[in-house]
Amino acid sequence: RVKNTTKDTKGRDKLEAKYRRFAKLSPCMASNFHIAPAFFTAWQGEDIPLWNTIDLLIVDEAGQVSPDVGVPMFALAKRALVVGDVHQIEPVWNVGEGTDRANAAKTGLIGSMQAMRYQDIEQAGFTAAKGSLMMVANRTCQVQKYEEMRGLMLIEHRRCVPELVAFCNQLIYAGRLLPMRKAVPKKERILPAFGFLNADGKDKKVGGSRSNDSEAKAIVEWIKANRNRLEQHYPDDQQQPTPLWKLVGIVTPFKAQMRAVEKQLLKQCPDLMKKGTRMTVGTVHALQGAERKMVIF
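Residues numbered from 1 in each chain as written. Predicted model: local features only at pLDDT ≥ 70, side-chain atom pairs only at ≥ 80, totals over all residues. Heavy atoms only, no water.

Enquirer: What exactly am I supposed to notice about the overall build of the protein chain here?
Expert: Each helix and strand counted, the protein chain has 11 helices and 11 strands in total. Each principal axis of the C-alpha distribution contributes one length, and for the protein chain these read about 65 × 65 × 40 Å. Looking at the protein chain as a whole, 30% of its 297 residues qualify as buried. Long-range contacts, defined here as pairs at least 24 residues apart, represent 57% of the contacts in the protein chain between residues at least 6 apart. Per element, the accessible surface of the protein chain, about 20,300 Å² overall, is 55% carbon and sulfur. Side chains of the protein chain give 45 positive and 31 negative charges; the mean places of these two sets differ by 5 Å. (Helix = DSSP H or I, 4+ residues; strand = E, 2+ residues; numbered from the N terminus. Buried < 20%, exposed > 50% of the residue type's maximum accessible area, 1.4 Å probe, protein only. Contact = heavy atoms within 4.5 Å. Areas by Shrake-Rupley, 256 points an atom, 1.4 Å probe, with all protein chains shown as cover. Lys, Arg positive; Asp, Glu negative; His and termini not counted. Charge placed at Lys NZ, Arg CZ, Asp CG, Glu CD.)

As structure tokens, this is what we get:
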């Protein structure tokens, strides 16, 4: 049995020693940018950040991190590995461009012949109004794989079937992605890999959001009409029909449209809104990382 009479405090030396002990049990500590700085701040009559204490700071989904939220954390680390994609979900910016410009002028970044223009720091991804941590990392990385961008690019794509990722591959990634999943043979499909349904109707503003009632109704009517054959087409391990809520997810850019779809589900398929069998309906932020046999957008 190990006895330790040393009392941990928030003094810099003891706080760092405590984390070094933790690292012997679990060398990787996980947090987010809003909470992590508090853990790496000591107290000796005043707040004292633990500069250069983290051996390796790994940032995931860096394309979703605003620079004003993420960049200060780098002062606490010796090295960093930044992973993300500037072409996927953007950060939620809480600083307007007017405020950001004023702050840049106040701190001397812009406003003189020698200083940078606001457009320069905006293009580099440093602004709190439009930038992201991934843009900053791309700009400053010493490694360069392709002429038009810095950093390495992970080209193997293992999530989507080839027909789905082909759209993004041509639109955004210059055909560089390599689909690693096999295409589903046409005879085994119940629907096209990438299809559409035209739903006539007009959307409306709901506060700062938007919704389209006729489209929400068309989606749920389609689900109701095709529910049985979808469940039969995807049997579970016991060769029983798989419940629809496990097969289908509905994604929309707008929360008002999410509520419109849920309202129609409650009206036409109330069992899909019950706890435990509730269908997944939400924005891209809410569903990112989830997987379903079918996604309705």
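Enquirer: What is the right way to read the pattern of salt bridges from this model?
Expert: A pair can form between side chains of opposite charge whenever their charged atoms are brought close. Counting across every chain of the model gives 17 salt bridges. Here Arg117 and Asp120 are joined by a salt bridge, their closest N and O atoms 3.0 Å apart. Take Asp120: its relative accessible area is 23%, and that puts it in the partly exposed class. Bridged by salt links that share partners, the residues Arg12, Glu16, Arg20, Asp55 and Lys78 form one connected network. (Salt bridge = Lys/Arg side-chain N within 4 Å of Asp/Glu carboxyl O.)

Enquirer: Before we go on, may I ask you to explain the sheet that holds strand S11 (residues 294-296) in this structure?
Expert: Overall, parallel pairing links the 3 strands, which are arranged S10-S9-S11 in an open sheet. A strand with exactly one partner marks an edge of an open sheet, and here the two such strands are strand S10 (280-282) and S11. Ignoring strand direction, the axes of neighbouring strands in this sheet form an average angle of 15 degrees. Of the strand pairs in this sheet, strand S9 (residues 248-251) and S11 are connected by 3 bridges, and their pairing is parallel. Paired with Val248 across the strands is Met294, a residue of S11. (Pairing = 2+ DSSP bridges. Axes fitted to C-alpha atoms, helices over the stretch in contact; angles between N-to-C directions.)

Enquirer: Sorry if this is basic, but what is going on with the environment of Pro162 here?
Expert: With respect to the secondary-structure elements, Pro162 resides in helix H7 (residues 162-171). In this structure, the C-alpha to C-alpha distance between Pro162 and Ala260, residues 98 residues apart in sequence, is 32 Å.

Enquirer: Got a minute to help me understand the nonpolar core in this structure?
Expert: By size, the foremost hydrophobic cluster in this structure holds 21 residues, and its most contacted members are Ile223, Ile250, Leu265 and Met279. The element contributing the most residues to this core is helix H8 (residues 213-233), with 5 residues. Among the nonpolar cores identified, the runner-up in size contains 17 residues, and Phe33, Ala62, Val65 and Met134 belong to it. (Core = buried A, V, L, I, M, F, W, Y, C linked by side-chain atoms within 4.5 Å.)

Enquirer: Explanation requested: the side chain of Gln264 in the structure shown.
Expert: With respect to the helices, strands and loops of the structure, Gln264 is situated in helix H10 (residues 255-268). What Gln264 contacts, discounting residues up to four positions off in sequence, is Ala216, Lys217, Val220 and Cys269.

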